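A closer look at the structure
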Amino acid sequence: MQFRLNAVWVAIIALAFVFSLAYLWFALFPGRAAPEAGQYFSAEQVNRGREYNRVMRLVFIGSFASQAAFLAWLLFRGQGAELSRWIQQLTGGSYWGSLFLFFLAVWLSLRLINLPFTLFGSYFWQHRWGFSTQTMSSWWLDYLKGTGLDLALSAAGVLLLFWIMSRWPGAWWVAGAAFFSLWLVIQTLIWPVVVSPLFNRFVPAKDPAVTDMVRQLSRKARLPVGQVLVMDASRRTTKANAYFAGLGPTKRIVIYDTLLNDYPPDQVEAVLAHEMAHWIRGHIFKGLALGILGSFTAWGLLFLLLRGAVPLPPGLPPPHLWVAVLLFFLLLSFAGSPVENHISRAMEKEADRVAVELTGNVPAAVRLQVNLACKNLSDVSPPAFIQWFSYSHPPVLTRIELIQQAGRP
Ligand SMILES: [Zn+2]
C-alpha cells in the first residue's frame, strides 16, 4: 500500500512549509531592534542576544525541516513501504518482529539526522557563549541516557498502538488519545520524582533565608507548599531558572542553584512568587486539561487521515504506517505551536501579574527580568512572527511593561 498525498496531507504540509519559510526568513533577517530596548539594555547586549538566538533558531528550523523531509520522502516516495517489505523478508514474515525492526530503523535514522543539530545547539553553541559547563563526555552520557529512555518508551508505544489498531480499527484513535492523556498525567506526576533525578541531584533547600522566604510567600498566597528543592543545574549550565512540577503529593518548587548563587534575594523572591502564582491560578491543571483536549483532537484528525490505511481484522496495519503517524505528529505539533504558545504566554502574563501582587515589589521584578535577559542572552526585541510562533513567554520588554502596569494602583 502506498500513501497518497490527499487534500488533508497537502493542507498540513503547506501550512508547515509556509511557517518554516517565514520562520527561516525572520531568523535570518530579524530587522532592527525596538528603540525602547535602549532603556534597559546596551547596544552590545542587544546584539549579543540577537547573535546567540539567530543561530539557535536556525538549528531549530534546520532540525525540524530535515526530519520532516526525511519522513515525507519515506512516506510519499514509497521508500518506507519498500523498507518494510525488505525487513519482512529478513525476519521470515514475523509481523511483530518486522514492525519492531522497521520502527528501529526509522528511529535510528531520525536520531542520526538530528544529532548534528543537537550536538551543535546544545553543546558547541552553548560553549561558544560560555553557558555550558559540561565536558564532551558528560554531554554524551546525558545524550545516551535520554535517547535510551526515548527508545524504550517509543518502542513500547508503537507496539501498543499497532496492537490497538489491529484490534479496534474503528476506535483506535480513542484508545490512542486516552493513552496519550494518561501519559501526560504520568509525566506530570512521575517525571519529577523518577526521571529528573537521573539527570540532576535535588536536595531540599537548607538556607534559612530561602526557606523563610518561601514560608512567608506561601502564607500570603494561602498556598501550602510541599517540597522546596535545589537542583544542581550548575553542573551543566550557567543559566538560571526555577519551575514547579508534580501534583498532590509530588508537587514541588525546584530552584536552580545558579539562581541562588547569582541573583540577589529580592530577585529570587520574585522568581518564587511567579512560580507560586502558576500554582494559585491552577495553571498546571489547566495545562493538563488543554493537553488532553488537544490530544483527542489530534488523534481524531489522524484517524480521519488514515481511515483507509488501517485494514479491518484479521488484517494487520502495514509497519510503514508508523511513518505516517510520526510525520503527522511532527507537522501538527509544529504548525500548532502558535496556539500552544499563545495559551502559554497568557498564563505567563497572569503569573507575572499575580507575583507582583504577592511581593508588592515592582522594582525587583523588573530588575529580575533585565538580569535574566542579560545573563540568558535573550533576544530583547524578537521579530513579531517569531514571538507569535515560538515564544512560550512574552519577550522581556513586554514583561517589564506588564509588571509596571500591575504595580500601578
Ligand atoms: Zn512562568
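It should be emphasised that the depicted structure is a prediction, and the values quoted were computed from it without experimental measurement.

Within the largest apolar cluster, 53 residues are counted, with the highest numbers of intra-cluster contacts made by Trp9 and Trp172. When contributions to this core are tallied by element, the ones reaching two or more residues are helix H1 (7–28), helix H2 (43–76), helix H4 (95–128), helix H5 (136–167), helix H6 (172–199), helix H10 (283–306), helix H11 (321–335) and helix H14 (384–390). Among the elements that line this core, the one with the most residues is H11, at 10 residues. For Trp172, the contacting residues outside a window of four places in its chain are Leu161, Ile164, Met165, Trp299, Leu302, Phe303, Leu306 and Val310. Counting residues in hydrophobic clusters, the runner-up holds 37 residues, among them Val210, Leu259, Tyr263 and Leu372.

It is worth spelling out the sheet that holds strand E2 (residues 227–231) at this point. Strand order across the open sheet formed by 4 strands is E1-E2-E4-E3, with mixed pairing between neighbours. Edge positions in the sheet fall to strand E1 (202–204) and strand E3 (242–245), since each of these pairs with one other strand and no more. Averaged over neighbouring strand pairs, the angle between their axes works out to 30° when direction is ignored. As judged from the 3 bridges shared by E1 and E2, these two strands associate in the antiparallel manner.

The next point concerns the coordination of the zinc ion. Protein coordination of the zinc ion is provided by His274 (NE2), His278 (NE2), Glu348 (OE) and Glu348 (OE), with donor distances spanning 2.0 to 2.8 Å. Its 4 donor atoms give the zinc ion angles of 51 to 138° at the centre, a pattern that matches the irregular case. Here the donor residues for the zinc ion map to a single chain with the spacing H-x3-H-x69-E. Remark: Glu348 occurs in helix H12 (residues 337–359) and His274 occurs in helix H9 (residues 265–280); sequence separation between them is 74 residues. The burial state of His274 is the same as that of Glu348; both residues are buried.

This brings us to the pattern of salt bridges. Two side chains with opposite charge may pair up if their charged atoms get near one another. Within this structure, the stated rule accounts for 10 salt bridges. Of the charged contacts, one joins Arg215 and Asp212 as a salt bridge, the two residues approaching to 3.4 Å between their closest N and O atoms. Placement of both Arg215 and Asp212 in helix H7 (residues 208–220) is noted, with a separation of 3 residues, approximately one turn of the helix. For Arg235, the salt bridge identified is with Asp232, shortest N-O distance 3.2 Å.

Before going further, it helps to spend a moment on the packing of aromatic side chains. Applying the stated criterion to the full structure yields 35 aromatic pairs. Here the aromatic residues Phe19, Tyr23, Phe26, Phe60, Phe64, Phe334, Phe385, Trp388 and Phe389 are joined through ring pairs into a cluster of three or more. The side chain of Lys239 reaches across the aromatic face of Phe131, ending 4.5 Å from its centre. Its guanidinium or amino end placed over the ring of Tyr263, Lys375 lies 4.4 Å from that ring's centre, counting from NZ or CZ.

Counting buried positions along strand E4 (residues 252–256) yields 5 of 5 residues, so the element is predominantly enclosed. Of the two faces of E4, the one carrying Arg252, Val254 and Tyr256 and the one carrying Ile253 and Ile255 are both buried. Sheet topology note: the E2/E4 ladder contains 5 bridges and is parallel. Following the sheet pairing, Met231 is matched in E4 by Tyr256. Relative to E4, E3 runs antiparallel, the two being bridged by 4 bridges. Its bridge partner being in E4, Phe244 is matched across the sheet by Ile253. Once E3 ends, the chain turns through 6 residues before running back antiparallel as E4, passing Gly246 with a positive phi of about 85°.

What follows covers the side chain of Ser132. Note that Ser132 resides in the loop between H4 and H5. For Ser132, a relative accessible area of 12% corresponds to the buried category. Side-chain polar atoms of Ser132 contact the side chain of His127, separated by 3.3 Å. For Ser132, the side chain forms a polar contact with the main-chain nitrogen of Gln134, separated by 3.2 Å. If we skip the residues at most four places from it in the chain, Ser132 touches Gln126, His127 and Arg236.

Let's shift gears to a nonpolar patch on the surface. Taken together, the side chains of Trp96, Leu160, Trp163, Trp168, Phe179, Leu182, Ile186, Ile190, Val193, Val194 and Leu316 make up a nonpolar region of the molecular surface, amounting to roughly 960 Å² of accessible area. Sorting the residues of the nonpolar patch by element identifies H5 and H6 as the ones contributing at least two each. At 6 residues, H6 tops the list of elements feeding residues into the nonpolar patch. By the element assignment, Leu182 lies in helix H6. Using a relative accessible area of 47% as the deciding quantity, one classes Leu182 as partly exposed.

About the thresholds
Residues numbered from 1 in each chain as written. Predicted model: local features only at pLDDT ≥ 70, side-chain atom pairs only at ≥ 80, totals over all residues. Heavy atoms only, no water. Core = buried A, V, L, I, M, F, W, Y, C linked by side-chain atoms within 4.5 Å. Buried < 20%, exposed > 50% of the residue type's maximum accessible area, 1.4 Å probe, protein only. Helix = DSSP H or I, 4+ residues; strand = E, 2+ residues; numbered from the N terminus. Contact = heavy atoms within 4.5 Å. Pairing = 2+ DSSP bridges. Axes fitted to C-alpha atoms, helices over the stretch in contact; angles between N-to-C directions. Donors = N, O, S within 2.8 Å, 3.2 Å for Na, K, Ca; no water. Tetrahedral: all angles 85-135°; square planar, octahedral: opposite > 155°, others 65-115°. Salt bridge = Lys/Arg side-chain N within 4 Å of Asp/Glu carboxyl O. Phe/Tyr/Trp six-rings, centres within 6.5 Å; stacked < 30°, edge-to-face > 60°. Lys NZ or Arg CZ within 6 Å of the ring centre and 35° of its normal. Polar contact = N/O pair within 3.5 Å; in protein donor to acceptor, adjacent residues only side chain to side chain. Patch = residues over 30% accessible without salt bridge, like charges linked within 9 Å, V, L, I, M, F, W, Y side chains within 5 Å. Areas by Shrake-Rupley, 256 points an atom, 1.4 Å probe, with all protein chains shown as cover.

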